[in-house]
Amino acid sequence: MASTGVNVLRWSALAVGVFYGFSHQRGITATQRANHEHHEYEKKQKLIDQAKLEYAKQKNPAPASKDDVITDASDPKFDLEKLLLKVAKENP
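Residues numbered from 1 in each chain as written. Predicted model: local features only at pLDDT ≥ 70, side-chain atom pairs only at ≥ 80, totals over all residues. Heavy atoms only, no water.

For the protein, the name recorded in an unreviewed UniProt entry is ATP synthase F(0) complex subunit e, mitochondrial, with [Torrubiella] hemipterigena as its organism. Under the heading Subcellular location (unreviewed entry), UniProt records this for the protein: "Mitochondrion inner membrane". (UniProt positions renumbered as here; feature names shortened; annotations may be inferred.)

Participant: Looking at this model, I keep getting lost on the pattern of salt bridges. Mind explaining?
Facilitator: When the charged atoms of two side chains lie near each other, side chains of opposite charge can form a pair. Under the counting rule described, the total for this entry stands at two salt bridges. Two residues, Lys57 and Glu54, come together in a salt bridge whose shortest N-O distance is 3.9 Å. One end of the pair is Lys57 and the other is Glu54, both in helix 1 (residues 4–59) and three residues apart, which spans about a single turn. Residue Glu54 is classed as partly exposed on the basis of its relative accessible area of 46%. (Salt bridge = Lys/Arg side-chain N within 4 Å of Asp/Glu carboxyl O. Helix = DSSP H or I, 4+ residues; strand = E, 2+ residues; numbered from the N terminus. Buried < 20%, exposed > 50% of the residue type's maximum accessible area, 1.4 Å probe, protein only.)

Spelled out as structure tokens, the structure:
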């Protein structure tokens, strides 16, 4: 039979191992959670940047060049005369 001292060492080693495993797992979980939150933040920031660009495009559209003719008849800036002149130049 094992002596009392050996049993104390075994139980102590078991307790230290359980404590180490618990603390190590907490560290791993915290690191993974931090990485996940960082990736989520980057994803949200990318979406916000895209939305800002789209908003800027809507509010400040590029100036139309002289050759740019609006072909959408429902547009308030639609000019039939310019459209007909453009079609006449393209198809002589």
